[in-house]
Amino acid sequence: MYESVVVTAALAGVLGLLVGSFLNVVIHRLPRMMERQWADEHAQYALDAAAAGDSAQRTAPATDATDATDAKPGEAPTFNLVTPRSRCPSCGHAVRWYENIPVLSYLFLKGRCSACGTGIGVRYPLVELLTGALFAFCGYRWGLTPTAALWCGFSAALVALAFIDWDTTLLPDDITLPLLWAGLLASALGWIAVPLPSAVWGAACGYLSLWSVYWAFKLATGKEGMGFGDFKLFAALGAWFGWEALVPMILVASVIGALVGIGMKLASSLREGLYVPFGPFLAGAGLTAMLVGPARLMQTILQWLGM
């Protein structure tokens with residue numbers, strides 16, 4: 001029995017390494033795909049406005065009008081999660097299949113491009129290892145079940161969201177909204193141990209709680225303290241864990257986020273605007289809740305507070 005559990009965890013871990021390799025592509029390309037979509041929409045709007053004789057478009061600066069109308073929407077080369085093939089950003093060398101084996105290729109290449117010798121970021125194998133470890137945990141805990149597959153998908157989504165938000169301060173709807181609906185549907189089908197009413201209230205309270213904080217902060221300071229993606233991510237976590245888990249998760253995310261922010265400020269490594277994205281810490285709190293359980297997470301927090 002124990003051997004079968006270990007084999008399941010090992011197979012899940014290998015699958016996680018492969019998924020982690022794909023997540024590196026998602027983390028790098030999805031924000032750029034979104035930027036291209038926004039540029040296409042802007043160009044299409046400019047073309048439509050010009051065709052309709054929009055007075056505002058006619059009075060815009062010549063450079064803006066020229067840039068907008070010359071950039072025909074949809075004319076750029078295909079760029080998605082599959083096309084084009086992965087290439088070295090320095091020399092354009094197309095990555096061969098045997099150079100794309102999770103972790104092993106990085107070690108074999110000694111962290112450098114085989115063509116030009118440019119260093120490859122250590123984050124690539126770390127994302128693969130992290131995803132592999134999370135998948136292995138899911139396989140060990142839930143075995144070969146739909147529940148394990150769901151939590152693997154949950155883990156992959158949070159890993160991608162954490163790194164995308166850290167890099168770009170974006171939490172794409174393409175990930176947060178499916179994650180939210182997946183939690184609600186999994187609860188409705190009984191594939192996760194959260195009753196549907198608790199999942200629905202968790203989603204609603206998760207969204208509204210951060211939405212309220214956002215508006216309170218904005219009214220008090222005139223500044224935006226977080227993005228709408230944070231609301232959607234916290235709503236998704238509420239759907240997966242129920243409303244009861246919202247307080248411990250937001251406490252963990254806030255405390256760790258504050259500590260990291262203070263550390264970066266002391267090290268003078270804060271980015272322009274002196275902000276730290278909140279999404280990675282929400283994602284980390286969600287993964288922690290999956291690993292230890294919301295109840296144990298709350299107990300740990302109470303112990304930290306001496307209660």
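Position numbers for residues count from 1 along each chain, tracking the sequence in the order it is written. pLDDT decides what is reported in this predicted model: residues at 70 or higher carry local features, side-chain atom pairs at 80 or more are listed and counted, and totals for whole chains, interfaces and linings draw on all residues regardless. To get the side-chain values, all heavy atoms of the structure are used, and hydrogens and water are removed first.

What the protein contains, in helices and strands, is 12 helices and 0 strands. Projected onto its principal axes, the C-alpha coordinates of the protein cover approximately 70 × 55 × 45 Å. Accessible area is worked out with a 1.4 Å probe on protein chains only. A residue is then buried under 20% of its type maximum, exposed over 50%, and partly exposed in between. Out of the 307 residues in the protein, the part that is buried amounts to 37%. Nonlocal contacts in the protein, meaning residues at least 24 apart in sequence, comprise 71% of its contacts between residues at least 6 apart. The positive charge centre, built from 18 side chains, and the negative charge centre, built from 20, are 9 Å apart in the protein. Under the scheme used here, helices are H or I runs from DSSP no shorter than 4 residues and strands are E runs no shorter than 2 residues, and both carry numbers assigned from the N terminus. Note on contacts: a residue pair is in contact if any heavy atoms of the two residues lie within 4.5 Å. Neither His nor the chain termini are counted; the positive set is Lys and Arg, and the negative set is Asp and Glu. We put the charge of a Lys on NZ, of an Arg on CZ, of an Asp on CG and of a Glu on CD.

In this model, the protein carries a mean pLDDT of 87, and residues with pLDDT of at least 70 account for 90%. One confidence number per residue, pLDDT, is output by the predictor and ranges from 0 to 100. Looking over the protein, one finds the lowest element-wise mean pLDDT in helix α3 (residues 62-70), namely 43, and the highest in helix α7 (residues 173-189), namely 97.

Note on definitions: angles span 0 to 180 degrees between N-to-C directions of axes, and those axes are lines fitted to C-alpha atoms, for helices only across the stretch in contact. Two elements in contact, helix α5 (residues 123-142) and helix α6 (residues 146-168), have axes separated by 9 Å at closest approach and are oriented at 155 degrees. The angle between the axes of α5 and α6 places the two elements in the roughly antiparallel class. Pair α5 / α6 crosses with right-handed handedness. The residues of α6 that touch α5, namely those facing Arg-123, Val-127, Leu-130, Thr-131, Leu-134, Phe-135, Cys-138 and Trp-142, are Thr-147, Ala-148, Trp-151, Cys-152, Ser-155, Ala-156, Val-159, Phe-163 and Asp-167. Residues are grouped as follows: Ala, Val, Leu, Ile, Met, Phe, Trp, Tyr, Cys and Pro are nonpolar; Asp, Glu, Lys and Arg are charged; all remaining types, including Gly, are polar. Class assignment for the residues of the contact of α5 with α6 results in 12 nonpolar, 3 polar and 2 charged. Under this scheme an angle from 65 to 115 degrees is roughly perpendicular, one under 35 degrees roughly parallel, and one over 145 degrees roughly antiparallel; angles in between are oblique. In a left-handed crossing the near helix is turned counterclockwise from the far helix by less than a right angle, and in a right-handed crossing that turn is clockwise.

With that out of the way, let us pick up the pattern of salt bridges. Each reported salt bridge corresponds to a side-chain nitrogen of Lys or Arg within 4 Å of a carboxyl oxygen of Asp or Glu. With the rule as written, the count across this model stands at 4 salt bridges. Among the salt bridges present, the one from Asp-167 reaches Arg-123, with a minimum N-O distance of 2.7 Å. Of the two residues, Asp-167 is situated in helix α6 and Arg-123 in helix α5; the sequence distance between them amounts to 44 residues. Residue classification places Asp-167 among the partly exposed positions, given a relative accessible area of 39%. Asp-173 is paired through a salt bridge with Lys-232; the nearest N and O atoms lie 2.8 Å apart. You can see Asp-173 sitting in helix α7 and its partner Lys-232 sitting in helix α9 (residues 228-241), a full 59 residues away along the chain. Assessed through its relative accessible area of 35%, Asp-173 is described here as partly exposed. In this structure Lys-232 comes out as buried when scored by relative accessible area, which is 19%.

The length a helix should cover is 1.5 Å for every residue beyond the first. Under the 1.5 Å per step criterion, the end-to-end length of α6 is 33 Å for 23 residues, consistent within 8% with the ideal 33 Å. Positive backbone phi, approximately 60 degrees, marks Thr-169, located one or two places after α6.

Quick look at helix α11 (residues 279-292) now. With 14 residues, α11 should reach 20 Å at 1.5 Å per residue; the first-to-last C-alpha distance of 20 Å fits that figure. In terms of burial, α11 is largely enclosed, as 10 of its 14 residues are buried. Buried within α11 are the following residues: Gly-279, Pro-280, Phe-281, Leu-282, Ala-283, Ala-285, Gly-286, Leu-287, Ala-289 and Met-290. Backbone geometry just downstream of α11 places Gly-293 in the positive-phi region, at approximately 90 degrees.

A few words now on the packing of aromatic side chains. Ring geometry is summarised as follows: Phe, Tyr and Trp rings, the Trp one being its six-membered ring, pair when their centres sit within 6.5 Å, and such pairs are stacked at plane angles under 30 degrees, edge-to-face over 60 and tilted between the two. Tallying each qualifying case throughout the model produces 13 aromatic pairs. Ring centres of Trp-151 and Trp-240 lie 4.8 Å apart, and the angle between their planes is 55 degrees; this geometry places the pair in the tilted category. Of the two residues, Trp-151 sits in helix α6 while Trp-240 sits in helix α9, which places them 89 residues apart along the sequence. The exposure class of Trp-151 is buried, given its relative accessible area of 6%. Arranged with centres 4.9 Å apart and planes meeting at 50 degrees, the rings of Phe-154 and Trp-240 form a pair that is tilted. Note that Phe-154 is positioned in helix α6 and Trp-240 in helix α9, a separation of 86 residues in sequence. The pair Phe-154 / Trp-240 is uniform in exposure class, with both members buried.

As a rule of thumb, soluble globular proteins bury nonpolar side chains together. Phe-154, Leu-158, Leu-179, Phe-241 and Met-249 are the most contacted members of the largest nonpolar core, which totals 58 residues. No other element matches the 11 residues that α6 contributes to this core. Once residues lying within four places of it in the same chain are set aside, the contact partners of Phe-154 are Leu-179, Leu-237, Trp-240, Phe-241, Gly-286, Leu-287 and Met-290. Among the buried residues, those of types Ala, Val, Leu, Ile, Met, Phe, Trp, Tyr and Cys that are joined through side-chain atoms within 4.5 Å form a nonpolar core.

Between α5 and α11, whose axes approach to 11 Å, the crossing angle comes to 30 degrees. In this view, α5 runs roughly parallel relative to α11, as classed from their interaxial angle. Every pair of crossing elements has a handedness; the one defined by α5 and α11 is left-handed. Contacts from Leu-134, Phe-137, Cys-138, Arg-141 and Trp-142 in α5 reach Leu-287, Met-290 and Leu-291 in α11. Class assignment of the residues belonging to the contact of α5 with α11 gives a composition of 7 nonpolar, no polar and 1 charged.

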